[in-house]
Amino acid sequence: MHTQIFKKNLALNIIPILLLGFYFYSCSDKIQDPVQTQQTLLYSKPGIVDSLIGTCSTYLVRNFIIDSLDFSAYTGGKIEMNSFSNGDLSELSLFYLNPDTAVYVFNISGKDEINSQIPRTFIPSNRKEKYYFRMKLFASVCTGELYYLKVRDLNIYGVK
């Protein structure tokens, strides 16, 4: 008789425990893996890429060819670099040329954006193009000091 009561009480106690365990397991915070993006290094220039130095009255622009880059197999692009400027109106941009115009795929301006080391994403051309990099040094205030714009360790990736 005691055995039957023990089995009945055990069943009544185990069922709620199992249900509670199932509830907490199914409602737990499961960390989902973020969608993995695949990126391929298409261009790399370690060390100093270029630098401009001038006074407040100087407006310096320098363009140079990066390379012919083929983004046809990629949905996006990413650019990483170490850049520094104290010119508040300075700019950095990446572009390619169409027959009638320059197409800018990446453009940052102002010393706050230029001095930020955050990787930037962009939407590239879906075919092989010759890409150019443009540096503009300019400051709105004349303090008598020299202004600079420097770019180092430039990496361009294709992102799938």
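Residues numbered from 1 in each chain as written. Predicted model: local features only at pLDDT ≥ 70, side-chain atom pairs only at ≥ 80, totals over all residues. Heavy atoms only, no water.

Q: So what about the environment of Phe133? Which residues, and what values?
A: Relative to the helices and strands, Phe133 is located in strand β7 (residues 128-137). Here Phe133 falls in the buried class, since its relative accessible area comes to 0%. Taking C-alpha positions, Phe133 is 5.8 Å from Ser93, a pair spaced 40 residues apart along the chain. If we ignore the near neighbours within four places in the chain, the residues touching Phe133 are Arg62, Asn63, Phe64, Ile66, Ile79, Met81, Leu92, Ser93, Leu94, Val151 and Leu154. (Helix = DSSP H or I, 4+ residues; strand = E, 2+ residues; numbered from the N terminus. Buried < 20%, exposed > 50% of the residue type's maximum accessible area, 1.4 Å probe, protein only. Contact = heavy atoms within 4.5 Å.)

Q: Report on unusual backbone geometry, specifying residues and quantitative values.
A: The phi dihedral of Asp153 is positive, around 50 degrees, even though this residue is not glycine. Within the secondary structure, Asp153 sits in strand β8 (residues 147-159). Since its relative accessible area comes to 25%, Asp153 is described here as partly exposed.

Q: Describe the pattern of salt bridges, naming the residues involved and giving the relevant values.
A: Once their charged atoms are close, side chains differing in charge can pair, the charge on each being opposite to the other. Under the definition given, this model contains four salt bridges. A salt bridge links Lys78 to Glu80; the shortest N-O distance between them is 3.3 Å. When its relative accessible area of 15% is taken as the criterion, Lys78 is described as buried. Glu91 is the salt-bridge partner of Lys136, the closest N and O atoms lying 3.6 Å from each other. Within this pair, whereas Lys136 is found in strand β7, its partner Glu91 is found in strand β4 (residues 91-97), the two being separated by 45 residues in sequence. Residue Lys136 is classed as buried on the basis of its relative accessible area, which comes to 19%. (Salt bridge = Lys/Arg side-chain N within 4 Å of Asp/Glu carboxyl O.)

Q: Which residues make up the pairing of β4, and what values do they have?
A: For β4, a buried count of five out of seven residues is recorded, marking the element as mostly surrounded by other parts of the structure. Note: β4 against strand β5 (residues 102-109), seven bridges, orientation antiparallel. By the bridge assignment for β5, Leu97 is matched with Ala102. Here β4 runs beside β7; their pairing, made up of six bridges, is antiparallel. Pairing of Ser93 across the sheet is with Arg134, part of β7. (Pairing = 2+ DSSP bridges.)

Function cannot be read off these values alone, since they describe shape.
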